[in-house]
Amino acid sequence: MLGDTQRRLQGVPRIDSNIYAQENGWAIEGLAATYQATGDQSALTDALTALAWIEQHHRDPRGGFKHATTDVQSAYLGDNLAMARAYLKLYEVTDNVRYLAAAQKLAVYIDRTFRDPDAGYRSGIDNGTPAKPLPLTDENIEVGLFVMKLFNLTELPRFRNMAVQAMGYLGRPSVARRSVTEEGILM
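Residues numbered from 1 in each chain as written. Predicted model: local features only at pLDDT ≥ 70, side-chain atom pairs only at ≥ 80, totals over all residues. Heavy atoms only, no water.

Novice: Please clarify how helix α2 (residues 21-38) should be interpreted in this entry.
Specialist: What sets the pattern is the α-helix's 3.6 residues per turn: residues three or four places apart point alike. Look at α2: 25 Å from first C-alpha to last across 18 residues, which is about the 26 Å you get at 1.5 Å a residue. Inspection of α2 places Ala 21, Gln 22, Asn 24, Gly 25, Ile 28, Glu 29 and Ala 32 among the buried residues, and these make up the whole buried set. If you follow the buried residues of α2, they end up packed against α3 (41-58) and α4 (77-94). (Helix = DSSP H or I, 4+ residues; strand = E, 2+ residues; numbered from the N terminus. Expected span 1.5 Å × (residues − 1). Buried < 20%, exposed > 50% of the residue type's maximum accessible area, 1.4 Å probe, protein only. Contact = heavy atoms within 4.5 Å.)

Novice: For this particular structure, what's the right way to read the environment of Arg 62?
Specialist: Structurally, the position occupied by Arg 62 is in the loop between α3 and α4. The exposure class assigned to Arg 62 is partly exposed, which follows from its relative accessible area of 48%. In sequence terms Arg 62 and Tyr 109 are 47 residues apart; their C-alpha atoms lie 8.3 Å from each other. In this view, Arg 62 contacts Val 72, Gln 73, Tyr 109 and Arg 112; residues no more than four positions away in its chain are not counted.

Novice: Could you clarify how one ought to interpret the confidence of the model for the protein chain in this entry?
Specialist: Overall, the prediction assigns the protein chain a mean pLDDT of 91, with 95% of residues at 70 or greater. Element-level mean pLDDT values for the protein chain span from 64 in helix α9 (residues 183-186) up to 98 in α4. (pLDDT = per-residue confidence, 0-100.)

Novice: When you look at the side chain of Ser 123 in this model, what are you seeing that I'm missing?
Specialist: Counting through the fold element by element, Ser 123 comes out in the loop between α5 (97-114) and α6 (137-154). Not counting the four nearest positions on each side in its chain, Ser 123 is found in contact with Ala 75, Tyr 76, Leu 77, Pro 133, Leu 134, Pro 135, Leu 136 and Glu 139.

Novice: Whenever I open this one, the packing of aromatic side chains confuses me. Can you help?
Specialist: In this description, an aromatic ring pair is defined by two values, namely the gap between the centres and the angle between the planes. One pass over the structure, following the stated rule, counts two aromatic pairs. Ring centres 6.3 Å apart and planes at 45° place the aromatic pair Phe 65 and Tyr 87 in the tilted group. With a gap of 22 residues between them, Phe 65 in the loop between α3 and α4 and Tyr 87 in helix α4 connect regions that are remote in the sequence. Accessibility expressed as a relative area gives 1% for Tyr 87, which makes it buried. (Phe/Tyr/Trp six-rings, centres within 6.5 Å; stacked < 30°, edge-to-face > 60°.)

Novice: Looking at this structure, I do not really get unusual backbone geometry. What am I missing?
Specialist: The phi torsion of most residues other than glycine is negative, and most of the peptide bonds are trans. Phi at Asp 95 takes a positive value of approximately 60°, unusual for a residue other than glycine. Following the sequence through the fold, Asp 95 ends up in the loop between α4 and α5. Even without being glycine, Glu 155 reaches a positive phi, approximately 60°.

Novice: Honestly, the packing of α2 against α3 in this entry has me stumped. Any pointers?
Specialist: A pair of packed helices is characterised by two quantities: the angle between their axes and the separation of those axes. Viewed as axis vectors pointing N to C, α2 and α3 meet at an angle of 155°, and their least axial separation amounts to 8 Å. Comparing the axis directions of α2 and α3 gives the class roughly antiparallel. For the pair α2 and α3, the crossing hand works out as left-handed. Only Gln 41, Ala 43, Leu 44, Asp 46, Ala 47, Ala 50, Leu 51, Ile 54 and His 58 of α3 make contact with α2, whose side of the interface consists of Ala 21, Asn 24, Ile 28, Leu 31, Ala 32, Thr 34 and Tyr 35. Of the residues belonging to the contact of α2 with α3, the class tally is 11 nonpolar, four polar and one charged. (Axes fitted to C-alpha atoms, helices over the stretch in contact; angles between N-to-C directions. Parallel < 35°, antiparallel > 145°, perpendicular 65-115°, else oblique. Left-handed = near helix turned anticlockwise from the far one by under 90°. Nonpolar A, V, L, I, M, F, W, Y, C, P; charged D, E, K, R; others polar.)

Novice: Just checking my understanding: could you explain the pattern of salt bridges for this structure?
Specialist: Per the counting criterion, the structure on display carries 11 salt bridges. Put simply, Arg 115 and Asp 111 hold a salt bridge, and the shortest N to O gap is 2.9 Å. With its nearest N and O atoms 3.7 Å apart, the salt bridge here joins Asp 111 to Arg 158. Taken as a pair, Asp 111 in helix α5 and Arg 158 in helix α7 (residues 157-170) lie far apart in primary sequence, 47 residues in all. Overall, Asp 111 belongs to the buried group, its relative accessible area being 10%. Within this structure, Asp 4, Arg 7 and Arg 8 form a network of salt bridges that share partners. (Salt bridge = Lys/Arg side-chain N within 4 Å of Asp/Glu carboxyl O.)

Novice: For this particular structure, what's the right way to read the packing of α2 against α4?
Specialist: With their axes 7 Å apart at the nearest point, α2 and α4 run at an angle of 20° to one another. Considering their axes alone, α2 and α4 lie roughly parallel with respect to each other. As for the relative orientation of α2 and α4, their crossing is left-handed in sense. Within the contact between the two elements, α2 uses Ala 21, Gln 22, Gly 25, Trp 26, Ile 28, Glu 29, Ala 32, Ala 33, Tyr 35 and Gln 36 and α4 uses Gly 78, Asp 79, Ala 82, Met 83, Arg 85, Ala 86, Lys 89, Leu 90 and Val 93. By residue class, the composition of the contact of α2 with α4 is 11 nonpolar, four polar and four charged.

Here it is, written out as structure tokens:
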């Protein structure tokens, strides 16, 4: 193990200064939950400030969110799902229908962009690289939970159908056996 001086002699590692949609979506959702639990107005203000920045710099003209400001398209389910959940949480804490509408639009975008033809939702779009995007267990759990919340709020069958699509992947024997400890599947 190196001491502090020896580590510093090796140089300071590069710090990633990018601002990502997924991580900001998580932060927005967390700040909104903090506001919901504590009534701390500064948490809601910070959430709305972060949302405005991400909407301005990460919005893809096709309706999704790009991972980083330099990306040309919204290629990842995680970014879009995190932002969709952030919108839904903001709706829950503010009753502002703009956020519910944004969550619904993003759900439709997710369904249109990341739906796997067999079952579930793929982690990204096929951008021509040898590694093809596949459905991931954790993301499909989150899609299912998110769209069931939307269905419970709106009673729109499209969102229930999306949950069925996600469960089509999660219910596969190979996935279920591999993920037997994933409590989200049971939820």
